[in-house]
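What the coordinates show
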Amino acid sequence: MNRRALHLYYASMIVYMLASIFFILYGLVIRPVSLLYHEDVRQMVSPVFGNFYMFMLSLVIISVTLTVISLALFLASVAVARKTQSRLSAGTLIFPVLLYLFAFTLLGVSGI
């Protein structure tokens, strides 16, 4: 694989790892716990986070932004590799696609 394409690919996976912290925190921890309360999330105030709804909204925005940046870097790496006629293995192409599907599905199912 071309060196530039490889650097873009690794950068996309590093950004994805950072994004995964936020969307797993939101989709698997904070959102399910907030559903256990019998009051509107918009009216909840946390001593640590302040307005709970704004905290959850910021987690979603950060998650989506970082995931889209990671996806753009991945697509750029594929484009550079194809432009330089480098061969990409099936695992190199399919594994990130599965990761992005998981991320966007988790964010879509959790909702805000």
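In this text the structure is predicted, and so the values were computed from the model without any measurement. (Residues numbered from 1 in each chain as written. Predicted model: local features only at pLDDT ≥ 70, side-chain atom pairs only at ≥ 80, totals over all residues. Heavy atoms only, no water.)

Let's talk about the UniProt feature "transmembrane region" (unreviewed entry) in the protein chain
On the UniProt side, "transmembrane region" (unreviewed entry) is annotated at positions that read residues 7-30, 50-76 and 88-109 here. From the first C-alpha to the last, residues 7-30 spans 33 Å; its make-up is 100% helix and 0% strand. Taken end to end, residues 50-76 has its terminal C-alpha atoms 39 Å apart, with 93% of it in helix and 7% in strand. (UniProt positions renumbered as here; feature names shortened; annotations may be inferred. Helix = DSSP H or I, 4+ residues; strand = E, 2+ residues; numbered from the N terminus.)

A word on helix H2 (residues 52-83)
The α-helix winds at 3.6 residues per turn, so residues separated by three or four positions along the chain end up facing the same way. Taking 1.5 Å per residue as the helical rise, H2 with its 32 residues ought to reach 46 Å, and the 46 Å between its terminal C-alpha atoms agrees with that figure. Residue Asn51 occupies the N-cap position of H2, its side-chain oxygen lying 3.1 Å from the main-chain nitrogen of Tyr53. Backbone geometry just after H2 places Gln85 at a positive phi near 55°. (Expected span 1.5 Å × (residues − 1). Polar contact = N/O pair within 3.5 Å; in protein donor to acceptor, adjacent residues only side chain to side chain.)

Description of the nonpolar core
Among the nonpolar cores identified, the biggest contains 27 residues, and Phe23, Phe52 and Met56 are the most heavily contacted of them. Taken together, the elements giving at least two residues each to this core come down to helix H1 (3-36), H2 and helix H3 (90-110). Examining the composition of this core, we find that 10 residues originate from one element, H2, more than from any other. Aside from chain neighbours lying at most four places away, what touches Phe52 is Ile30, Ser34, Val41, Met44 and Ser46. (Core = buried A, V, L, I, M, F, W, Y, C linked by side-chain atoms within 4.5 Å. Buried < 20%, exposed > 50% of the residue type's maximum accessible area, 1.4 Å probe, protein only. Contact = heavy atoms within 4.5 Å.)

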